[in-house]
Amino acid sequence: MKIKTAALLALCWSFLLTACNTATPENYFDRAVLNTNLFNDFASDHFTNMLVAYTVKHEGVQQQNITATKVVENDVLSIEKALKDVKALPETDETKEMLQTSIALHEYVLPVYKNEYMALAKLCDNGASKEDIAAKGQEINSKYAQRFDELSAKLMNLGKVYAKAHNINVNWGN
């Protein structure tokens, strides 16, 4: 009797784990497409300006303990987690290209955040000249924007098709 009960509990537990790990179309879309909003300002003047803004001292205002370096470190952690979440999704014939494109996009931006954007953040935090900061930002933009835009556009197109096929209501901002 104990063996039957234990077997039944093990079977129920495996069904529960399987149910919890089943990826819904919304999970696929959220992780593979929507989470790329984490870095939608990649290779743009907007991101450079945001990093500079963290280093501006405002008279009479208590300075927060946030630095440009800390912002980039947090972005790296967020992108690494998002990439791990995308990689954890099982590929299907329908999701394969979308997942592979999302992974490629994450893997494209991640080393840039770890290296070039970290160097830019350190320039900002160390009080480098506006010209040096702008030049580093432009270097990043020039080097990485085109491929980023290509991968992003491909992923958005795949995401639109996938969302439409699964009746996922998305505001694309167009």
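Since we're looking at a predicted model, the values are computed, not measured.

With that settled, the discussion passes to the pattern of salt bridges. Opposite charge on two side chains lets them pair, provided their charged atoms get close. Applying the stated criterion across every chain, the model contains eight salt bridges. Residue Glu73 pairs with Lys70 through a salt bridge whose shortest N-O separation is 3.9 Å. Taken as a pair, Glu73 and Lys70 lie in helix H4 (residues 68-88) at a separation of three residues, close to a single helical turn. Accessibility expressed as a relative area gives 39% for Lys70, which makes it partly exposed. With a shortest N-O distance of 3.7 Å, Lys154 and Glu97 are connected by a salt bridge. A residue pair is termed long-range when its members are at least 10 positions apart, and Lys154 in helix H6 (residues 130-165) and Glu97 in helix H5 (residues 96-125) qualify at 57 residues. A residue is classified by how much of its surface remains accessible, and Lys154, at 39% relative accessible area, is partly exposed.

Conventions we followed
Residues numbered from 1 in each chain as written. Predicted model: local features only at pLDDT ≥ 70, side-chain atom pairs only at ≥ 80, totals over all residues. Heavy atoms only, no water. Salt bridge = Lys/Arg side-chain N within 4 Å of Asp/Glu carboxyl O. Helix = DSSP H or I, 4+ residues; strand = E, 2+ residues; numbered from the N terminus. Buried < 20%, exposed > 50% of the residue type's maximum accessible area, 1.4 Å probe, protein only.

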